[in-house]
Amino acid sequence: MVTSVAAPRVESLASSGIQAIPREYVRPQEELNSIGNVFEEEKKDEGPQVPTIDLKNIDCEDEAIRAKCREELKKAAIEWGVMHIVNHGISDELIDRVRKAGKEFFDLSVEEKEKYANDQSSGKIQGYGSKLANNASGQLEWEDYFFHLAYPEDKRDLSIWPKTPSDYIAATSEYAKQLRALATKILSILSLGLGLEEGRLEKEVGGLEELLLQMKINYYPICPQPELALGVEAHTDISALTFILHNMVPGLQLFYQGKWVTAKCVPNSIIMHIGDTIEILSNGKYKSILHRGLVNKEKVRISWAVFCEPPKEKIILKPLPEVVSDTEPALFPPRTFAQHIQHKLFRKTQDALASK
């Protein structure tokens, strides 16, 4: 019988007093050239900046004011595919509760957190974990995480949600419910921006019954050699939309116009990404931007990402007929969401083998 030895949690590595990180966490040379000090990067004001979209007037009775707000969101989705959203309608108090609960879970000892450990080899992906090496590249990321389905409520498995702290389930449940309503508003605006009926994109990604909200709390410990590592390697999100909170420690970088741009920490905002699913449905009009996470040697960074995902098998993802024409043919072949995930994994493996 073969037993797999779990890699140590990154938190345990970080707190062990090591001065040099293990080689499997060191990025390839071509990546190292672009990894800088995240605090210095965040201070830079020159060059492009991730747009901030104010949703205060999203439902304004004045049609001109409402249209201006919606146009700004559409423009950010076309040009960037990522934005800071402010006045999003979710209270600061609820967001603080979500952040406090997640932080308190990660403040528990590693031994205590291990009681919630996932087992990726057996397909049990929900729970506490660390990234397993991609077989082709052997690369690891400087993060631990907690992952679970948060919405719809009838599809959740509360038995794997943290029992400590006591507010975790209540705060996270309420946040997921309010995010789901926000997702409907965003999808409506994006639908109208493509000249479609308001509810079209929502329907195409599974509607109220089938769109899944997956919560992933990312915990990036202090890193003794942050110039050599990444918290999350460069990727695009497979989701329809992703909503991200963080603890006001910078780390997110976006690959925009050929350069890595560091997102500022905007108070009381939620970061929103357009994911591959909406990029495919819109035939590339809305962008799913390449992004990654830097780490640092001064402060722990925590982010709360909620991925809004279509069902794996029930829907065929392909550019909608209304956005395809002779002059703008379909850029993506039809695939289920599950097939899209497999396609990305296959491409990543091929790329890793090619670079060896």
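Residues numbered from 1 in each chain as written. Predicted model: local features only at pLDDT ≥ 70, side-chain atom pairs only at ≥ 80, totals over all residues. Heavy atoms only, no water.

**Some details on the packing of aromatic side chains**
This is how the line gets drawn: Geometry of aromatic contacts follows a simple scheme: Phe, Tyr and Trp rings, the Trp one being its six-membered ring, pair when their centres are within 6.5 Å, and the pair is stacked under 30 degrees between planes, edge-to-face over 60, tilted otherwise. Numbering goes from the N terminus for both helices and strands, where a helix is a DSSP run of H or I of at least four residues and a strand is a run of E of at least two. A 1.4 Å probe rolled over the protein chains alone gives each residue an accessible area, and that area as a share of the maximum for its type sets the label: buried under 20%, exposed over 50%, partly exposed in between.
As enumerated under the stated definition, the model contains 11 aromatic pairs in all. Between the aromatic rings of F105 and F146, the centroid separation amounts to 5.0 Å while the plane-to-plane angle is 75°, which identifies the pairing as edge-to-face. Of this pair, F105 sits in helix α5 (residues 92-107) while F146 sits in strand β4 (residues 144-151); the two residues are 41 residues apart in sequence, bridging distant segments of the chain. For F105, a relative accessible area of 0% translates into the label buried. Look at F146 and you get buried, because its relative accessible area is 0%. Measuring from ring centre to ring centre gives 6.1 Å for W161 and Y168, while their planes differ by 85°; the resulting arrangement is edge-to-face. The pair W161 / Y168 is uniform in exposure class, with both members buried. Put simply, the rings of F105, F106, Y116, Y128, F146 and Y219 touch in pairs and so form one group of aromatic residues.

**Things to note about the nonpolar core**
In summary, soluble globular proteins display a tendency toward joint burial of nonpolar side chains. Quick reminder of the rule: Residues grouped as a nonpolar core are buried Ala, Val, Leu, Ile, Met, Phe, Trp, Tyr and Cys residues, joined through side-chain atoms within 4.5 Å. Any two residues whose heavy atoms approach within 4.5 Å are treated as being in contact.
Ranked by internal contacts, the top residues of the largest apolar core, which has 66 residues, are Y175, I186, L190, L241, F243 and I278. Looking at this core element by element, the count peaks at 11 residues for helix α7 (residues 168-193). Aside from chain neighbours lying at most four places away, what touches F243 is L179, L182, A183, I186, I270, I271, M272, W304, A305, V306 and C308. Residues I21, Y25, L140 and Y220 belong to the second largest nonpolar core, which totals 19 residues.

**Points about the side chain of Q139**
Selection criterion: Identification of polar contacts relies on pairs of N or O atoms within 3.5 Å, with a donor-acceptor requirement for protein atoms, meaning one able to donate a hydrogen and the other able to accept it, and with residues adjacent in sequence counted only if both atoms are side-chain atoms.
Secondary-structure assignment places Q139 in the loop between β3 (127-130) and β4. Separated by 3.4 Å, the side chain of Q139 and the backbone oxygen of E24 make a polar contact. A distance of 2.9 Å separates a polar atom in the side chain of Q139 from the backbone oxygen of V26.

**Some words on the sheet that holds strand β11 (residues 291-293)**
Cut-off, in case you're wondering: For two strands to count as paired, DSSP must find a minimum of two bridges between them. Here the axes come from fitting lines to C-alpha atoms, over the contacting stretch only for helices, and the angles between their N-to-C directions go from 0 to 180 degrees.
The strand order across the open sheet built from 4 strands is β6-β11-β8-β9, with neighbouring strands paired in antiparallel fashion. Single-partner strands in this sheet number two, and they are β6 (232-235) and β9 (259-262). Pairs of neighbouring strands in the sheet enclose a mean axial angle of 20°, with direction left out of account. As paired strands, strand β8 (residues 252-256) and β9 are joined by 4 bridges and run antiparallel to one another. Each bridged residue has a counterpart across the sheet, and for F255 the counterpart in β9 is W260.

**Structural notes on α7**
Our working definition: One fewer than the residue count of a helix, multiplied by 1.5 Å, yields its expected span.
Over its 26 residues, α7 extends 37 Å from the first C-alpha to the last, a length consistent with the 38 Å expected when each residue adds 1.5 Å. G195 sits one or two residues past α7 and shows a positive phi near 80°.

**Remarks on the pairing of strand β12 (residues 301-309)**
The element β12 is extensively covered by neighbouring structure, given that 9 of its 9 residues are classed as buried. Residues R301, S303, A305, F307 and E309 line one face of β12 and the alternating positions I302, W304, V306 and C308 line the opposite face, and both faces are buried. Sheet topology note: the strand β5 (residues 212-220)/β12 ladder contains 9 bridges and is antiparallel. From the neighbouring strand, L212 faces β12, where its bridge partner is E309. With 6 bridges joining them, strand β7 (residues 241-246) and β12 adopt antiparallel strand pairing. Bridging from a neighbouring strand, I244 pairs with A305 of β12.

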